[in-house]
Amino acid sequence: MASVTEAAAPTSGAPDAPVWVRKKKPTFTPRRVILHTFLTIIALAWVFPIAWAILNSFRDYAYTSVNGYVSLGGWTIKNYQNAWAQGDFTKHFLNSFYITVPAVVLTLFLSSCVAFVLARFSFKFNLAMLGLFTAANLLPQQSLLIPLYRLFRSIPLPTWMSDSGTMLDSYWALILVNTAFQTGFCTFVLSNYMKTLPRELYEAAEVDGASVWRQYWQITMPLCRPPMAALATLEITWIYNEFFWATVLLQSGDKFPVTSSLNNLRGEFFTNLNLVAAGSVIVAIPTLVIFFLLQKQFVSGLTLGANKG
Amino acid sequence: MTRPQSEAEYLARMVPSSVAATSLNRRTLFKGAVGGAAALSIPGLLAACGSTSSGAAASGGSAKGTVTFGSNASDATPKKSFAAQVAAFQTASGNTVKVNTVDHNTFQENINNYLQGNPDDVFTWFAGYRMRFFAAQGLAGDVSDVWPKLSGYTDGFKSASTGDDGKQYLVPYDYYPWALFYRKSVWAAKGYTVPTTLDELTALSKQMQKDGLVPIAFADKDGWPAMGTFDVLNMRVNGYQFHIDLMAGKKAWNGPEVKKVFDAWTGLLPYHQSNALGRTWQEAAQTLQQKKAGMYLLGLFVAQQFTAAEQSDIDFFTFPAIDSTIGSDALDAPIDGMMMRNKPKNEAGAKAFLEYIGSVDAQKIALANDPGNLYPNSGVDTSSYTALQKKASELVGSAKNIAQFLDRDTRPDFASTVMIPQLQAFIKDPTKVNDILDSIESQKKSIFTA
Amino acid sequence: MSQDYPLVAAQTAVQTPTKAPRLRRGRGRRRLRGADRIIVILMVTIPTLLVVGLVWLPAIASVLLSFTSWNGIGGLSTIKWIGTTNYENVFTNYPPFHPAIQNNALWLIVLFLLATPFGMFLAVLLDKEIKGSRVYQTAIYVPVVLSLALVGFIWQLFYSYDQGLLNSVLGTHIDWYGDDKVNIWAVLVASGWRHVGYVMLLYLAGLKGVDPTLREAAAVDGASETTVFFRVVFPVMRPINVIVFVITVIESLRAFDLVWVVNKGRNGLELISALVTQNIVGEASRIGFGSALATIMLVIALVFITIYLATVLREEK
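Residues numbered from 1 in each chain as written. Chains lettered and ligands numbered in written order. Predicted model: local features only at pLDDT ≥ 70, side-chain atom pairs only at ≥ 80, totals over all residues.

### Considerations on the overall build of chain B
Move 1: The helix and strand tally for chain B stands at 21 helices and 11 strands.
Move 2: The burial tally for chain B puts 57% of its 450 residues in the buried class.
Move 3: Contacts in chain B between residues at least 24 apart in sequence constitute 80% of all its contacts with a sequence separation of at least 6. (Helix = DSSP H or I, 4+ residues; strand = E, 2+ residues; numbered from the N terminus. Buried ≥ 20, exposed ≤ 12 C-beta atoms within 10 Å, placed from the backbone. Contact = placed C-beta atoms within 7 Å.)

Structure, rendered in structure tokens:
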């Protein structure tokens, strides 16, 4: 990252350059072949470990225990059936949904608000704010456990919001903690992106007397679709896979999100690893689906690319 | 035992708990249930009568109370076993039990926060320092008045359930001994015999090496299995009392006594499976299962790694004597049990539940549903025990002193942040034992005096 | 930087040197009217309160706790002040500490020199209009979305001494997880495997935002693809480069889950965050000692934050 400070970009791009021409290039050239071969090898190398694990999740533990994993045989789908039943996944998937969706929406909303203000206006404390938010991401979350635990335990909630009567053992605590920890990173990414949006965009709106809110909502946000899609993908994955806060702030096993309940497949001593693998594959499916969905969004976000505005 | 139990379960589903509670005197009902197996059908019958006579009127009545029960039994077998016992208790007592199951590992990691938050009335925990600590901190409730109502527990179990103040805080639920396990078929084929002294063990190990076997399977990737080796060596070299004093922080780790233990261990290490720090106990157990290893020092749970057909091929012996004046009558046999929170919401119900859990009836239901364990109540009919279970229960019964395992007998902060890395360092390089013991002692001081 | 006053640029020629008071004074109806002012204040203060309340205040509490001895049980009156004893113990009486610092540094170096550039490189390749780009992207990104339990299983299958794929296929006898000289590298491979996916995704998102005409123009001038990237695209990508850099630092400092799933951060896999967890979370409850470790981690993090902010500040001037 030596050239981080090398800010002066050559600006040879003619503003009225013709539209995208690369599409017309022939797709079959030696260079393309090398490129595809290389990418295929990399992709296979990246997927192989997962494929190997998935393969073994379809094997009977009694078989792999005797013959080792570097063998073939003992095929079964029992692991999946058992994992679903033992892990009580239906219930825990719903729990994950109750936690992840509000937390991601809240995170993206709050961080885009801060990022917008930081990128749009200059205040003395701009930099300090950015530091405050970004640094929050560098803290080891585990070290905040005891103070946060005490804090949540001391905040009462009416029983219709939390049956434990406090923030502890409620989804509220979990949603807020996840939001607080993720807001920093999203703010950082979004404000960086928003700073690249040309100022001129807002000038017209201002002449029209558009309120700050309208500028945020109708100008900035639509232009931020690519980073928002990228962030949404990452955040859903992170918050969905988060299990530390869930296990320390929730105390009822029934409320655990699906990632925490994966532990239900482990015994006190003995663990059927193949069963855990089957459970983890099931748990990974929603994040994969989200990625496929948002990847599309990602690509369509291109046409709204900032520099083309 | 399955029949009346399933009948009780069946009835439990039939009879709303409120009915059983309002139409019967709970107390006598419960006593009947505790009385013995024969009595179990009586409350069942009464409950059945209740359901036919006043079932319709039940809507207005309320249950005697709800007992909340925090369980760490998340895997299928023990979970089912608890469910059956809870169902039987509900039928018998008219209390409702709300079970909160959290997986074993999470439950254990969060115990401090759990007990200070909003814990359940009754919760699963362990005997030993781990129990006494929470009792001393005022986070556990005194259950001394439950104990007179329990029958079939030896004094050993009672003292293991007793806190520093002399009161009882635990009702034992199950336990398992640590020993050297082996496969009968392998030993029969090679003509090995059980060693009773350290020299015999060494000679046997040498023979096994000649026969192409790993003498002693070994794994310590997760840090705790090596504690079992240390415990038993220390009890053989220095005796039970020294071991307990050492665990309590009263003896020096870099003194001559502990050094002797590590000397003995160093002598045995060449016969242990190498590369232990990258191996899980399950992988080590597989080498035993696959007949590549001759013995394995572990808890009875090692049997879970074997298939049903192989169960009858497993046998074990207690670690042989090292010092003949000390003998070999002490061992690790950790006890799991149930405790009551401090000031439970439903104290009478919680105590009734604990009393039930310690009863012969409950233990029989547990044995029927989860046969892999040993159950402490001597009233349990051991005829359904496997040969392995019988032998294990005899071993523990004949032991003069029972330790709970290093991480249950000493401060958990010391066990996990000092002992695990230092024992691993020793296994990595036994020649550094003096530095390691000095480091343990110095860290121990900083923790125990804090 | 006059553009930094967007709301005044259209109507006022005179710039006031101070920025903050502008908001409060509310000069000029078209700048920040009442409603706008309230909106802006709300947009900033609500998230700030959340982050300060749930991250920074607990962090400060954590720093304070690092000067105490406490087992986390009972009221605050049971906390005992012991000065800097915890720090003395961390540095002189806690063998895992030094390996942890080294491992964290190694982690940063490896991610920074290998994984991050490779992820960027893949993103550049995938940014081209090529067939099946989405398939490649998906394959490389998938490791990121997997839960820890699955990642643990995946690498256990590779690295197990007795049954692992590596020793079986290569015919080696390497104790990948147990040998404290090897295991950190084994885990770093797993870490890089995941990190490349993150970096690729973020960088790709950034590349999509780069005006294609910039590249076209440079290409027309006859510059090679490599030259175009380094001379044109890379500098334009500065914001994303910074993001990727910061992510790499965050990931290396907070690296935790992979070593935790292997052996809870022991025997060659010590990392500061794992040590913090061993001491604070779980039954151990050496709250003061663990907080001291966390404070050390916080200080290291602040060094990076300061460097970053200083860079930003210098540029704005």
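### Regarding the confidence of the model for chain B
All names here are of chain B.
Move 1: Looking at chain B as a whole, the pLDDT averages 85, with 86% of positions reaching at least 70.
Move 2: Across residues 1-63, where pLDDT falls below 50, the model places 94 contacts with residues more than four positions away in sequence or in other chains.
Move 3: Predicted as a complex, the structure gets a pTM of 0.84 and an ipTM equal to 0.82. (pLDDT = per-residue confidence, 0-100.)

### Focus: the pairing of strand β1 (residues 65-71) of chain B
Residues and elements named next belong to chain B.
Move 1: Across the 7 residues that make up β1, a large majority, 6, are buried.
Move 2: Direction of pairing for β1 relative to strand β2 (residues 95-101): parallel, over a ladder of 7 bridges. Across the sheet, residue Gly65 finds its bridge partner in β2, namely Asn95.
Move 3: Relative to strand β3 (residues 122-126), β1 is paired through 2 bridges, and the arrangement is parallel. Residue pairing in the sheet places Gly70 in a bridge with Phe123 of β3. (Pairing = 2+ DSSP bridges.)

### Description of the interface of chain B and chain C
Move 1: Across the boundary between the two partners, chain B contributes 30 residues, which contact 30 residues of chain C.
Move 2: Within the residue set of the side of chain B that touches chain C, elements represented by two or more residues are α6 (104-109), α7 (111-116), α15 (281-289), α20 (412-428) and α21 (433-448) of chain B.
Move 3: Class assignment of the residues belonging to the side of chain B that touches chain C gives a composition of 8 nonpolar, 15 polar and 7 charged. (Nonpolar A, V, L, I, M, F, W, Y, C, P; charged D, E, K, R; others polar.)

### Re the sheet that holds strand β7 (residues 293-299) of chain B
All names here are of chain B.
Move 1: Read across the sheet, 4 strands follow the order β6-β7-β5-β8 without closing on themselves; strand pairing throughout is mixed. Every other strand in the sheet has two partners, leaving β6 (214-217) and β8 (314-317) as the edge strands with one partner each. Sheet twist, expressed as the average angle between the axes of neighbouring strands with direction ignored, equals 30°.
Move 2: As defined by bridge partners, strand β5 (residues 178-183) adjoins β8 across 4 bridges and the pair is classed as antiparallel. Bridge pairing in β8 links Leu180 to Phe317.
Move 3: Relative to β7, helix α12 (residues 225-237) is tilted by about 90°, and along the sheet it contacts β5 and β7. (Axes fitted to C-alpha atoms, helices over the stretch in contact; angles between N-to-C directions.)

### Concerning the sheet that holds β1 of chain B
Residues and elements named next belong to chain B.
Move 1: Ordered by their spatial adjacency, 5 strands build an open sheet running β2-β1-β3-β10-β4, and the pairing between neighbours is mixed. One side of each edge strand has no neighbouring strand; the edge strands of this open sheet are β2 and β4 (171-175). Recorded for the sheet is a direction-independent mean angle of 25° between the axes of neighbouring strands.

### Regarding the packing of helix α1 (residues 30-57) of chain A against helix α6 (residues 133-145) of chain C
Move 1: Look at α1 of chain A against α6 of chain C: their axes get within 9 Å of each other, and the N-to-C directions meet at 35°. When you trace α1 of chain A past α6 of chain C, the crossing you get is left-handed. Facing Leu39, Ile42, Ala43, Trp46, Val47 and Ile50 of chain A of α1 of chain A, the residues of α6 of chain C in contact are Tyr136, Ala139, Ile140, Val142 and Pro143 of chain C.
Move 2: Per-class residue counts for the contact of α1 of chain A with α6 of chain C are 11 nonpolar, no polar and no charged. (Left-handed = near helix turned anticlockwise from the far one by under 90°.)

### Some thoughts on the environment of Gly278 of chain B
Move 1: Among the structural elements, Gly278 of chain B can be located in the loop between α14 (256-268) and α15.
Move 2: Expressed as a C-alpha distance, the spacing of Gly278 of chain B and Ala392 of chain B, which sit 114 residues apart in the sequence, is 29 Å.
Move 3: In this view, Gly278 of chain B contacts Lys221 of chain B together with Tyr161, Asp175, Trp176, Tyr177, Gly178 and Asp179 of chain C; residues no more than four positions away in its chain are not counted.

### A word on the packing of helix α4 (residues 89-120) of chain A against helix α3 (residues 34-65) of chain C
Move 1: Where α4 of chain A contacts α3 of chain C, the axes come no closer than 9 Å and their chain directions differ by 125°. With respect to their mutual orientation, α4 of chain A and α3 of chain C come out oblique. Both α4 of chain A and α3 of chain C take part in a crossing whose hand is left-handed. Where α4 of chain A abuts α3 of chain C, its residues Leu110, Ser111, Cys113, Val114, Phe116 and Val117 of chain A lie against Val40, Met43, Val44, Ile46, Pro47 and Leu50 of chain C.
Move 2: In terms of residue class, the contact of α4 of chain A with α3 of chain C is built from 11 nonpolar, 1 polar and no charged. (Parallel < 35°, antiparallel > 145°, perpendicular 65-115°, else oblique.)

### Observations regarding the interface of chain C and chain A
Move 1: Between chain C and chain A, the contact holds 105 residues from the first and 107 residues from the second.
Move 2: Across the side of chain C that touches chain A, the residue classes tally to 76 nonpolar, 16 polar and 13 charged.

### A word on the environment of Pro344 of chain B
All names here are of chain B.
Move 1: Tracing the backbone through its elements, the reader meets Pro344 in the loop between β10 (335-340) and α16 (347-357).
Move 2: A C-alpha to C-alpha distance of 49 Å links Pro344 and Gln290, two positions 54 residues apart in sequence.
Move 3: Once residues lying within four places of it in the same chain are set aside, the contact partners of Pro344 are Asp121, Gly141 and Ala350.

### A short note on the confidence of the model for chain A
Residues and elements named next belong to chain A.
Move 1: Summarising the model, chain A shows a mean pLDDT of 83, and 87% of its residues fall at 70 or more.
Move 2: Considering each helix and strand of chain A separately, the mean pLDDT is smallest for helix α5 (residues 126-135), with a value of 82, and largest for α4, with 94.
Move 3: Contacts from residues 1-24, a stretch scored under 50 in pLDDT, to residues over four places away or in other chains number 33 contacts.
Move 4: Across residues 301-309, where pLDDT falls below 50, the model places 21 contacts with residues more than four positions away in sequence or in other chains.

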